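# Per-entry structural report
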Amino acid sequence: MNILGIWDGHDSGAALLMDGRLVCAINEERLTGRKLEIMFPRLAIAECLREGGIKPHDIHQVACATFDPAKTLTRLWPQSKERYYRVRRRMDLPSPMNRFTKVIKYRLTELPPNRLTHWLSNRVVLGCLKEVGFDNPNLVMLDHHLCHAAGAAYGSGFAKAVVITLDGVGDGLSGSISLLSDGRLQRISSIEARHSLGIFFEHVTNLLHMRELEDEGKVMALADFALPVKEHQNPLLEMFQIEGLQVRARYHANELYRRLADVLWRCTPEQFAAMAQQTLEKRVLELVRNAVAQTKVNRVALSGGVFANVKLNGMVRNLPGLEGCYVFPHMGDGGLALGAATQLSQSATQTWPNLYLGPDYSAEEIQETVHKSGLSYRKPDDLIGATVELIGSGKIVGWFQGRMEYAPRALGGRSVLALPGLPNIRDLLNLKLKKRSWFQPFCPSMLDEEAKRLLADCHGPPDRFMTSIYQVRPEFRELLSGVTSRDGSCRPQMVARDESRYSRLLVAIQEKTGCGVLLNTSFNAHGAPMACSPTDALGAFAAMGIDHLILGDWILEK
């Protein structure tokens, strides 16, 4: 059974399951070069078919997420999707029309799907599939939050779990709570779009002059720099209440924006960010506690854009009595294609040992790119040893190896690497190389045994995909200063000792420095997608101003 999952909205993409095996998953942005691409994932579909070695007629079912009125409208009128993309990413200057566009957007997205929108969306998506070579595809339209839930539930490896989804809005809902049991999902609560904690955090992001659906992580990081805010001094807390398995918002989306703007007018940006973070944490933790108590199931699986907030995830993970917490690694809408395919496959055995699911490039292709680069290059006999010498001497290197990662985090396939304790490394990377906000943190990749040694709250299965924060033990914070946030936390990728090139690099770093940890950030210029091809890597190498690029078996220098 070959199942293709697709998503044609914000961060569009495709995923391919062949007999329950995840063969390929990729987002369109990596192939078009346009951050968080919104158009139909033609290139992603082609890459999935190429990786699977199959043709469109070999696909038995196609699963597509979401058919509410707002999504259906953008399918019928793609220009509206493009217009909102430009407004959201601040590519166009402010204007009354742009403000009106946002007001209408928040009203439309609250509307639930119906038979007409299902039929219209089905017709449009079928037409798009036929344009890319599908003759008469068996297309299934699936509920937005069901796709979020399926990815988390069936990827968790749990036999039984409470599955919670929270995001901005999709198919008239902003969240859901389901029970996974006997390989099936049963929804026990639906949270209406009007009561969206995701929209709340979007508004906060926008009011802080950042891009919603993109910069929410910056809000979380900025909150670290505020003075502590006591709950009774936080006016945002009263805007949401938790009642059992329901979220209740005091104001609808557009009125909520105005109320938030009034609060921001009277405080500093970092204080506003801290109050928003506190509100999100408190209300979501209440919801999780209630769900666990009501179902008497002490394992949770989480998905939806709200759970891109790694501080929140760390607090959920450490809830007393919780025996397991899994966060779907592509928790935002970019993961809907894989969630849709997973739901159609109806199997609870689809845990994924890694996320290296994108394109790979042959040694011949990389060599040809290297020879045409015009840069100085060499091919050392011991690539790992040569790389360790560069990093150990304080160099920052680009690292391009094997298949590209799926999901937003760099996991050692398309990474920029450095020692985690270099003086001023955070400012150097943020301000000079990546040209982004000064307060954004960086993350470490560390061997499993180092995670147990360096992190105070490292318990349970290793976090392979950077989905949660952990507290760095105080005695190691200087050693890991470049990857430790102001509150003493970090967001690690825990790496097993195996024969992969990245694991062997970490082992060699451990042997040289005594600590098997590297600062690891995504290999891309700020505002651009992660490098996919060797040519993309050369472009990012030029834009970022780093001195060395490890491209396959080759080391390139400026």
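Scroll up a little and you will see the structure.
In this report, the structure presented in the accompanying data block is examined. None of the values given here were measured: they were computed from a predicted structure. (Residues numbered from 1 in each chain as written. Predicted model: local features only at pLDDT ≥ 70, side-chain atom pairs only at ≥ 80, totals over all residues. Heavy atoms only, no water.)

### Thoughts on the sheet that holds strand 11 (residues 299–303)
Through backbone hydrogen bonds, the strands of a sheet pair up, either in parallel or in antiparallel fashion. Just so we agree on the cut-off: Should DSSP find at least two bridges between two strands, the strands are regarded as paired. Secondary structure is summarised from DSSP: a helix means a run of H or I of at least four residues, a strand means a run of E of at least two, and numbering begins at the N terminus for each. Every axis corresponds to a line fitted to the C-alpha atoms, with the helix fit spanning only the stretch in contact, and the corresponding angles, defined between N-to-C directions, vary from 0 to 180 degrees.
If you walk across this open sheet you meet the 5 strands as 8-7-6-11-12, and the pairing is mixed. Two strands in the sheet have a free side with no partner beyond their single neighbour: strand 8 (184–192) and strand 12 (324–327). The sheet shows a mean angle of 20° between the axes of neighbouring strands, direction not considered. In this structure, strand 6 (residues 160–170) lies alongside strand 7 (residues 173–181), joined through 8 bridges in antiparallel fashion. Looking across to strand 7, one finds that L166 is bridged to G175.

### Some details on the sheet that holds strand 4 (residues 61–65)
Taken together, the 5 strands give an open sheet; going across it, the order is 3-2-1-4-5, and neighbouring strands pair in mixed fashion. Looking at which strands have only one partner, the edges of the open sheet turn out to be strand 3 (21–27) and strand 5 (139–142). With strand direction ignored, the average angle separating the axes of adjacent strands in the sheet is 15°.

### Regarding a nonpolar patch on the surface
The following threshold applies: To count toward a patch, a residue needs a relative accessible area above 30% and no salt bridge. Like charges then connect within 9 Å, nonpolar side chains (Val, Leu, Ile, Met, Phe, Trp, Tyr) within 5 Å. Note on areas: Shrake-Rupley, 1.4 Å probe, and residue coverage restricted to the protein chains presented here. Only one rule defines a salt bridge in this text: a Lys or Arg side-chain nitrogen within 4 Å of an Asp or Glu carboxyl oxygen.
There is a patch of nonpolar side chains on the surface, built from L73, L76 and W77 and spanning about 300 Å² of accessible area. The residue L76 is located in helix 3 (residues 69–76) in this model.

### Describing the packing of aromatic side chains
As a reminder of what qualifies: When the centres of two rings from Phe, Tyr and Trp lie within 6.5 Å, Trp using its six-membered ring, the rings pair. Their planes under 30 degrees apart give stacked, over 60 give edge-to-face, and anything left gives tilted. Note on classification: 1.4 Å probe, protein chains only; a residue is buried when its accessible area is under 20% of the maximum for its type, exposed when over 50%, partly exposed between these limits. Distance and angle both matter: a charge sits over a ring if NZ of Lys or CZ of Arg is within 6 Å of the ring centre and within 35 degrees of the ring normal.
Enumeration according to the criterion identifies 8 aromatic pairs in this entry. For the ring pair F200 and F240, a centre distance of 5.3 Å and an interplane angle of 70° mean the geometry is edge-to-face. Of this pair, F200 sits in helix 8 (residues 197–207) while F240 sits in strand 9 (residues 240–243), and the two are 40 residues apart along the sequence. With a relative accessible area of 0%, F200 lands in the buried category. By relative accessible area, which is 0% here, F240 ends up buried. The side chain of K71 reaches across the aromatic face of W7, ending 5.3 Å from its centre. The lysine or arginine in question, R317, covers the ring of Y470, its NZ or CZ lying 3.7 Å from the ring centre.

### Some points on the pairing of strand 1 (residues 2–7)
Counting buried residues along strand 1, 6 of its 6 residues qualify, which places the element largely inside the surrounding structure. Residues N2, L4 and I6 point to one face of strand 1 and I3, G5 and W7 to the other, with burial holding for every one of them. Here strand 1 pairs with strand 2 (residues 13–18) via 6 bridges, running antiparallel. Across the sheet, residue W7 finds its bridge partner in strand 2, namely G13. Connecting strand 1 to the antiparallel partner strand 2 that follows it, the hairpin turn spans 5 residues, and D11 within it adopts a positive phi of roughly 60°. In this sheet, strand 4 lies alongside strand 1 in parallel orientation, the contact comprising 4 bridges. What sits directly across from I6, in strand 4, is C64.

### With respect to the environment of L116
Mapped onto the elements, L116 comes out in helix 6 (residues 115–131). Its relative accessible area of 52% is what places L116 among the exposed residues. Put simply, L116 and F67 are 49 residues apart on the chain and 9.4 Å apart in space, counted from C-alpha to C-alpha.

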